[in-house]
Amino acid sequence: MSSIDTILQKDVLDRESILRLIAVRDPEQIELIRSAANRTLLENCGNKVFYRGLVEFSNVCISDCYYCGIRKSNHGVNRYTLSEQDILEAAQWCAEQGYGSLVLQSGERTDRTFTDLVERVVKKIKECTVSPKLPDGLGITLCIGEQEPEVYRRLFAAGAHRYLLRVETTNPQLFRSIHPPQQTLESRVRCLEILKQIGFQVGTGVMIGLPGQTLEHLVDDLLFFRDRDIDMVGMGPYIVHSDTEMKQYKVSVEAQRDEILTRSLLMIALCRLVLKDVNIAATTALQTIKENGRELGLDFGANVIMPQLTPLEVRKDYLLYEDKPCVDENREQCRGCLERRIRSVGREVGFDQWGDSLHFRKKVNGPGRS
Ligand code: SAM
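Residues numbered from 1 in each chain as written. Predicted model: local features only at pLDDT ≥ 70, side-chain atom pairs only at ≥ 80, totals over all residues. Heavy atoms only, no water.

Student: How should I be thinking about the overall build of the protein chain in this particular structure?
Tutor: Looking only at helices and strands, the protein chain has 16 helices and 11 strands in total. Expected size for 370 residues packed as a compact globule is a radius of gyration near 21 Å; at 19 Å, the protein chain falls within 12% of this value. Viewed in the frame of its principal axes, the protein chain has a C-alpha envelope of about 60 × 45 × 40 Å. Per-residue burial for the protein chain yields a buried fraction of 61% across its 370 residues. (Helix = DSSP H or I, 4+ residues; strand = E, 2+ residues; numbered from the N terminus. Rg over C-alpha atoms; globule rule 2.2 N^0.38 Å. Buried < 20%, exposed > 50% of the residue type's maximum accessible area, 1.4 Å probe, protein only.)

Structure representation (structure tokens):
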């Protein structure tokens, strides 16, 4: 059997090698994987960490994902949708801080009032954030769930150029165990393909530590990202919310926190080693299970962070899971805190740039827009 060292010298990792690596628990061997991922990151993407200011603009949702705190059946949630003006104000602030890109995230809604709001807001953000530093305005990523192809086309035409839609898991049985029957993996995958055809930079990801999830499932998730030619990846630990269908797993999931953290970090490192030049986010959920979780994510190969821009008044109403960090910190505090965290791991912030996925840029072979 090859040693971890020998496996890490291969340029292309096969399924068996990835499975060997994700099963590693010896701290010295984990360090070998981390440093290989870090090398791959620096060689393929450089030292910069790119910001995407996160605006959670609505928690109204028609979906009923069993794990999610804002699922439609959770009647304890105070539902909100930010006004156009509030979203634009957040975007303006984001551009002024030099963040370069914005993520508009919400619960899932497919009605015309909602999709028209998003379309209008995207157009206005583009118009109001053009400056000498950002000649094409803010880069906009949408994360608003499954929509009709026509809606995706309208939103792309309005100026959004990246889309995040997590598959949550690529294992059909596991997917069925965490979603109601009308929500299907096939439909999520179809959406990803349509988004790609339209021209979006496409991001997906999975939750790590789901009850019943095995290391084999996680390896298949990574191979799915590779085979579907995904441009951006956002993965994070599953954290139980007590007002959901899956509340019975609270004790068992919490008992496995350390293992889930290790799996999450190894997933980031292996994603970097397998996909090389994609953008990978160090997600907020990582910081929920470990105070320096996001720094660790960066250290294991991530290069994107999403500072919170959701207005403080509604932040406590966008609780996908419990103990979400930064719910009381205003955006100025978030800014200072993140920059310190990024510098603490020897990285630099890529201000005033879109920080697009280089994987995508190489694919389309277009002009080197930042
Ligand atoms: N509604 C959109 C969608 O479904 O793509 C975007 C918002 S959704 C709330 C964003 C992501 O939150 C989901 O894709 C899921 O991975 C994550 N999430 C939800 N509940 C979670 C939990 N309990 N633990 C960790 N992540 C969770």
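Student: Honestly, the site of the ligand in this entry has me stumped. Any pointers?
Tutor: Not every one of the 19 residues close to the ligand is listed here, only the nearest: Tyr67, Ser106, Arg166, Glu168 and Ile239. A distance of 2.8 Å separates an oxygen atom of the ligand from a polar side-chain atom of arginine 166. If the ligand stood free it would expose 560 Å²; the protein chains cover 94% of that surface. Taken together, the residues of the shell around the ligand break down into 11 nonpolar, 4 polar and 4 charged. (Near = heavy atom within 4 Å. Polar contact = N/O pair within 3.5 Å; in protein donor to acceptor, adjacent residues only side chain to side chain. Areas by Shrake-Rupley, 256 points an atom, 1.4 Å probe, with all protein chains shown as cover. Nonpolar A, V, L, I, M, F, W, Y, C, P; charged D, E, K, R; others polar.)

Student: Which parts of the structure should I look at to understand helix H3 (residues 27–44)?
Tutor: Side chains three or four residues apart in an α-helix point the same way, a direct result of the helix having 3.6 residues per turn. Between the first and last C-alpha of H3 there are 26 Å, a value that for 18 residues agrees with the 26 Å anticipated at 1.5 Å per step. The complete set of buried residues in H3 reads Ile30, Ile33, Arg34, Ala36, Ala37, Asn38, Thr40 and Leu41. Along its buried surface, H3 packs onto helix H1 (4–9), helix H2 (15–22), helix H11 (257–275) and helix H13 (293–299). Where H3 terminates, the next one or two residues include glycine 46, which has phi positive at roughly 85°. (Expected span 1.5 Å × (residues − 1). Contact = heavy atoms within 4.5 Å.)

Student: Can you walk me through the environment of threonine 262 in this structure?
Tutor: Structurally, threonine 262 can be placed in helix H11. Note: C-alpha distance between threonine 262 and asparagine 365 (103 residues apart in sequence) is 36 Å. Beyond its immediate sequence surroundings of up to four residues, threonine 262 is in contact with Arg25 and Ile30.

Student: I would appreciate a short explanation of the nonpolar core in the present structure.
Tutor: Among the nonpolar cores identified, the biggest contains 113 residues, and Ile33, Phe57, Leu104, Ile125 and Phe225 are the most heavily contacted of them. Top contributing element to this core by residue count: H11, with 12 residues. In contact with isoleucine 33, other than residues within four places in its own chain, are Ile4, Leu8, Leu21, Val24, Leu266, Ala269, Leu270 and Leu273. Core analysis: the second largest hydrophobic core is formed by 8 residues, Val103, Cys143, Val304 and Met306 among them. (Core = buried A, V, L, I, M, F, W, Y, C linked by side-chain atoms within 4.5 Å.)

Student: Explain the pattern of salt bridges to me, please; I cannot follow it from the model alone.
Tutor: When charged atoms on two side chains of opposite charge get close, those side chains can pair. In the structure shown here, the tally under the stated rule is 35 salt bridges. With a closest N to O distance of 2.8 Å, glutamate 291 and arginine 341 form a salt bridge. Note that glutamate 291 is positioned in the loop between helix H12 (284–289) and H13 and arginine 341 in helix H15 (residues 331–344), a separation of 50 residues in sequence. One continuous salt-bridge network, built from bridges that share partners, spans Arg112, Asp116, Glu119, Lys123 and Arg154. (Salt bridge = Lys/Arg side-chain N within 4 Å of Asp/Glu carboxyl O.)

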